[in-house]
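# Residue-level structural notes
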Amino acid sequence: MTTINELRKNVTRVIAPEDPDYDAARGVWNGMIDRRPAAVVQADDVADVIAAVNFARDTGLPLAVRGGGHSAPGFGTIDGGLVIDLSPMNSVQVDADARIARVGGGATLADLNDATHTHGLAAPGGIVSTTGVGGLTLGGGIGYLTRGFGLSIDNLRSADVVTADGQLRHASASENPDLFWALRGGSGNFGVVTTFEFDLHPVDQVVVGLFFYELEHAGDLLRLFRAWVTEADERCGGFPAFQVAPPLPFLPEERHGDTFCAAIVHWSGPVEAGEAAMRPFRDLAPRVGEMVSPMPYPWLNSAFDELFPRGVRSYWKGNYVTELTDEAIEVHLAHGPKAPNASSTMHLYPINGAASRVGATDTAFSYRHATFSTVIVSAWPDAADDAAHIAWVRDYAAALTPHSEAGGYVNFMSEDDQGRVTDTYGSNYARLREIKRTYDPGNLFGHNQNIAP
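Rules used throughout
- Residues numbered from 1 in each chain as written.
- Predicted model: local features only at pLDDT ≥ 70, side-chain atom pairs only at ≥ 80, totals over all residues.
- Heavy atoms only, no water.
- Helix = DSSP H or I, 4+ residues; strand = E, 2+ residues; numbered from the N terminus.
- Buried < 20%, exposed > 50% of the residue type's maximum accessible area, 1.4 Å probe, protein only.
- Areas by Shrake-Rupley, 256 points an atom, 1.4 Å probe, with all protein chains shown as cover.
- Lys, Arg positive; Asp, Glu negative; His and termini not counted.
- Charge placed at Lys NZ, Arg CZ, Asp CG, Glu CD.
- Pairing = 2+ DSSP bridges.
- Contact = heavy atoms within 4.5 Å.
- Axes fitted to C-alpha atoms, helices over the stretch in contact; angles between N-to-C directions.
- Salt bridge = Lys/Arg side-chain N within 4 Å of Asp/Glu carboxyl O.
- Core = buried A, V, L, I, M, F, W, Y, C linked by side-chain atoms within 4.5 Å.
- Phe/Tyr/Trp six-rings, centres within 6.5 Å; stacked < 30°, edge-to-face > 60°.
- Lys NZ or Arg CZ within 6 Å of the ring centre and 35° of its normal.
- Parallel < 35°, antiparallel > 145°, perpendicular 65-115°, else oblique.
- Left-handed = near helix turned anticlockwise from the far one by under 90°.
- Nonpolar A, V, L, I, M, F, W, Y, C, P; charged D, E, K, R; others polar.

### What about the overall build of the chain?
Looking only at helices and strands, the chain has 14 helices and 16 strands in total. Its C-alpha atoms give the chain principal-axis dimensions of about 65 × 50 × 40 Å. Every one of the 453 residues in the chain was classed for burial, and the buried ones make up 60%. Surface exposure of the chain reaches about 16,500 Å², of which carbon and sulfur atoms provide 50%. If the 33 positive side-chain charges of the chain are averaged to one point and the 55 negative ones to another, these points end up 4 Å apart.

Next comes the structure, spelled out in structure tokens:
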């Protein structure tokens, strides 16, 4: 293909369908996604990104951008188009004295955690360590440290972005501030971020509490979280879940495979105060099993990795929740215990605390008044089970809709959620469209939860 041969002259590495490593290069995390791009550019540096963006724009090829490849709808690959794979650009440079990290656009949370933990520091963001820093951050960045330190975007100092015209722009509060505003929550709509610069925080050892209860206590657990989240020290984070028990050593072997309600809790303050922070969850009800121990923060941020391996088939839905009502709790009690396997769950992430002290219009992430972000996710290995797992997620999410906000976290949306984009950005949507028209009038970056120019 002549055009792809031209591309090969301008970038370090191009993988096309005739190349032996094409199938590996086109794959993303979600095993349900089987797309065949015309070419994959594995970008080594900014020059490769610029060349690839210019090539896609000038040839009219559809464009996909991949960081960690964790997008549930598989936005990191595309049929018949060009994929910019940023994974080679995964460096993390830490200035420990200034508490700043410069992070390549292809880095994962594991890359970031490994580099910062050496210095007893951490950047807020994420639950699964194989997640790409780029996609997570551009959607907002909900994670374990949100109550204490805000979203990932609340800790973003600046970003280097290749926009649709092939220009590298520095975006910060003082330089291209409109673009910086849009990047903080506007997902991948505005360009390819090649470098992120984050503020870091002194988080080293955290006290982790994993509590498993019989399902009869699920209502009590959800009501505890409803009250706890409004009053708990912000150094304490956690979420309730429904969980089919994996073979964890602190659970009785005969209960492996049974379904429980669970609390995943952590304390990021002084280790000696961690036991007291766990007390509400010990006092709630008898535990079938529990683990409470100081752990390195990267351990916590990778605790769910084995349940979501690369290539697993997966489907997600999510909603913001301002008030966890009694009626919503009844919905959870009806649907959560039906989780079909250990990789299928509901998590109710708190997004109050530090995240709520940022104004609704200060970044593109508009739901600063919400208390929780719900995610319902199912993951499974066998295509024959697609219908049943997808139905569990959809039925659960639909039942919660009357008890939730109109919008949801963009990183928890599936491909059939495009119609919710306007609600997700609320009053910020009009400004996002204006900025989109400025930096991407042709919608080159349209393979995402799209904000049309």
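Following the structure, the description resumes.
### A look at the sheet that holds strand E4 (residues 82-85)
Taken in spatial order, the four strands of this open sheet run E1-E2-E4-E3, and their pairing is mixed. Of all strands in the sheet, those with a lone pairing partner are strand E1 (14-15) and strand E3 (63-66), marking the two edges. With two bridges joining them, E1 and strand E2 (residues 39-42) adopt antiparallel strand pairing. In the strand pairing of E2, Ile15 is matched with Val40. Across the face of the sheet, helix H3 (residues 46-59) comes into contact with E2, E3 and E4 while running at roughly 165 degrees to E4.

### Digging into the pattern of salt bridges
Pairing between side chains becomes possible if they bear opposite charge and their charged atoms approach one another. Counted under the stated rule, the structure contains 28 salt bridges. Taking the shortest distance from any N to any O, the salt bridge between Lys9 and Glu6 comes out at 3.0 Å. Where Glu197 meets Arg157, a salt bridge forms, and the shortest distance between an N and an O atom there is 3.7 Å. With a gap of 40 residues between them, Glu197 in strand E9 (residues 192-199) and Arg157 in strand E7 (residues 156-162) connect regions that are remote in the sequence. If you follow the salt bridges from partner to partner, you end up with Glu275, Arg282, Arg287 and Glu290 in one network.

### Looking at the nonpolar core
Residues Val103, Leu183 and Phe304 are the most contacted members of the largest nonpolar core, which totals 79 residues. Element by element, the count of residues in this core is highest for helix H7 (residues 177-183), at five residues. If sequence neighbours within four positions are ignored, Leu183 has contacts with Thr137, Leu138, Ala159, Val161, Ala171, Phe190 and Val193. Trp228, Ala263, Phe281 and Trp380 belong to the second largest nonpolar core, which has 40 residues in total.

### Concerning the packing of aromatic side chains
Applying the stated criterion to the full structure yields 17 aromatic pairs. An angle of 70 degrees between the planes, with centres 6.0 Å apart, marks the rings of Trp316 and Phe412 as edge-to-face. Here Trp316 is found in strand E14 (residues 313-321), whereas its partner Phe412 is found in the loop between helix H12 (386-400) and helix H13 (421-425), with 96 residues between them in sequence. Given the relative accessible area of 18%, Trp316 is considered buried. Plain terms: the ring middles of Tyr349 and Phe412 are 6.0 Å apart, the flat faces sit at 40 degrees to each other, and that makes the pair tilted. Note that Tyr349 is positioned in strand E15 (residues 345-350) and Phe412 in the loop between H12 and H13, a separation of 63 residues in sequence. In this pair, the class of Tyr349 matches that of Phe412, namely buried. Lying over the aromatic face of Trp228, Arg147 brings its terminal NZ or CZ to 5.4 Å of the ring centre.

### Digging into the packing of helix H11 (residues 326-335) against H12
Relative to each other, H11 and H12 sit at 165 degrees, their axes nearing to 9 Å. One way to sum up the angle between H11 and H12 is to call them roughly antiparallel. In this structure, H11 meets H12 at a crossing whose hand is right-handed. Two secondary-structure elements touch here, H11 through Ala328, Val331, His332 and His335 and H12 through Trp392, Asp395, Tyr396, Ala399 and Leu400. For the contact of H11 with H12, the residue count by class is six nonpolar, two polar and one charged.

All quantities given are derived from atomic positions and should not be read as evidence of function.
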